[in-house]
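These are the residues of each chain, in order.
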Amino acid sequence: MIAELICVGTELLMGQVTNTNAQFLSEALAPSGIDLYHEIVVGDNAARLKEAVQTALSRADILILSGGLGPTDDDLTKETVSEALGLTLEFYPEEWKRIEEYFARTGRTPASNNRKQAMFPRPCIILPNPNGTAPGCILEQNGKAAILLPGPPRELRPMFTDYAMPYLLKRSGHKLYSRELRIFGIGESDVTDRLADLIRSQTNPTIAPYAKTGEVTLRITARCQSEAEGEALVCPMIDTIRTRLGNAVYSDRGEPLPLVCHNALIARKETLAVAESCTGGLLTSAFVDLPGSSAYLIEGAVTYANEAKMRRLGVSKATLDTFGAVSAECAREMAEGLRARANTTYALATTGIAGPDGGTPEKPVGTVYVALAKEGETIVKRLQLFGNRERIRTVTVLQILDIFRQNLFTY
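Residues numbered from 1 in each chain as written. Predicted model: local features only at pLDDT ≥ 70, side-chain atom pairs only at ≥ 80, totals over all residues. Heavy atoms only, no water.

The geometry of helix α3 (residues 46–59) relative to helix α4 (residues 77–84) is characterised by a closest axis approach of 9 Å and an angle of 50 degrees between their N-to-C directions. By the angle between their directions, the pair α3 and α4 is classed as oblique. You can see that α3 and α4 cross each other, and the crossing is right-handed. Contact with α3, carried on its side by A46, L49, K50, V53 and Q54, involves T77, T80, V81, E83 and A84 of α4 and no other residues of that element. Each residue belonging to the contact of α3 with α4 can be placed in one class, and the counts come to five nonpolar, three polar and two charged. (Axes fitted to C-alpha atoms, helices over the stretch in contact; angles between N-to-C directions. Helix = DSSP H or I, 4+ residues; strand = E, 2+ residues; numbered from the N terminus. Parallel < 35°, antiparallel > 145°, perpendicular 65-115°, else oblique. Left-handed = near helix turned anticlockwise from the far one by under 90°. Contact = heavy atoms within 4.5 Å. Nonpolar A, V, L, I, M, F, W, Y, C, P; charged D, E, K, R; others polar.)

Here you go:
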């Protein structure tokens with residue numbers, strides 16, 4: 001079964017609004033086992049929208065449209081799709097009552113043009129919208145189906161998940177089951193080279209590599225009838241990939257590096273402190289972003305100036321004068337000093353030159369030192385990174401998290 005996604009709105013074409021609905025719907029469709037071959041964006045123009053709908057009907061079984069269900073004259077999706085399917089709109093009193101109740105709950109009174117949002121073909125499947133005034137709907141005609149969803153993501157996402165997805169799963173009769181492997185320390189070309197024979201011979205399950213900043217993701221997907229069957233199909237493939245790539249595979253459930261470290265710290269009931277220079281709080285934020293991090297994260301110190309490194313962390317003036325702030329010696333003293341002051345199980349430290357200025361022949365832009373201090377040992381590593389300031393800082397965080405991860409787990 002083939003689906004096509006049509007996102008409606010001139011604001012999307014003009015770049016005034018980022019089209020997050022397309023990404024969400026594309027990802028959410030995968031479990032339905034329905035193939036998505038085309039995604040298009042159309043402005044608020046009835047003729048062009050009708051043309052897009054007719055083209056989509058000629059090559060897809062399911063049309064999913066977002067946007068254009070509002071009360072204004074340029075909200076044309078429902079009317080245009082109904083016309084293309086040869087259906088006529090009728091007023092639904094029960095839906096108008098729900099719209100009035102929504103307005104009452106929010107302390108407002110509906111305008112006369114809101115009645116337009118209670119107009120639907122009969123018969124159709126109404127998709128309730130507890131988060132807004134525009135109900136969605138599913139229109140069926142000649143073996144085809146059109147799913148109409150509101151544009152605001154806070155309305156579209158729960159409507160699709162709660163109402164449209166069950167419809168799709170029932171209609172498709174099967175689903176796709178996916179597991180996501182996340183890999184750090186091996187580039188995409190190296191990963192695909194090591195797995196070349198598996199990729200060439202893939203049938204069910206399939207392997208899809210994706211490169212992200214500093215890491216690689218593999219999505220292993222099986223076409224199946226149930227989650228249990230999908231798990232049985234993908235697990236042998238995951239085991240084979242793990243054997244070939246080793247501990248570079250840090251998750252087979254899609255968890256990002258900060259979450260892997262977060263879960264381990266909570267399970268082990270251990271504590272952490274973080275000292276940052278070039279990353280300027282990014283590393284600490286990676287943990288703070290995760291609910292429950294207060295169980296282990298004691299403190300984070302952004303010590304950008306040398307004076308702060310000495311005062312807050314106990315880095316010696318002699319170290320800074322002799323080796324500089326961007327040095328293995330400084331990174332070591334940052335981590336060890338904070339760990340002693342915070343009395344934590346671990347301390348992490350970063351110091352480097354993120355650019356675009358500040359590099360020297362001995363220490364070019366992208367020179368970074370990271371350190372992990374723990375009982376009886378401090379690990380220090382020099383990194384030579386490339387890219388702009390943002391990339392260098394982001395990859396520094398990933399690098400030190402991976403060092404930390406490998407020390408938290410025994411492989």
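In this section: unusual backbone geometry. A cis amide bond links R122 to the next residue, P123, at an omega of 5 degrees. Among the secondary structure elements, P123 is positioned in the loop between β5 (119–121) and β6 (125–127). Following N204, the chain continues into P205 via a peptide bond in cis, with omega recorded as 15 degrees. One non-glycine residue, N142, adopts positive backbone phi at about 55 degrees. One can find N142 in the loop between β7 (136–141) and β8 (144–149). Classification of N142 by relative accessible area gives exposed; the value is 74%. Phi angles above zero are rare outside glycine, and N343 is one such case at about 55 degrees. As for its position among the elements, N343 is in the loop between α14 (328–342) and β15 (346–352). (Buried < 20%, exposed > 50% of the residue type's maximum accessible area, 1.4 Å probe, protein only.)

Okay, the sheet that holds strand β13 (residues 272–276) next. Read from one edge of the open sheet, five strands run β14-β13-β15-β16-β17, paired in mixed fashion. The sheet terminates laterally at β14 (297–302) and β17 (377–384), the two strands that pair on one side only. Going from strand to strand, the sheet's axes swing by 10 degrees on average, the running direction of each strand aside. The strands that helix α15 (residues 389–408) touches are β13, β15, β16 (367–374) and β17; relative to β16, the one it contacts most, it runs at about 30 degrees. (Pairing = 2+ DSSP bridges.)

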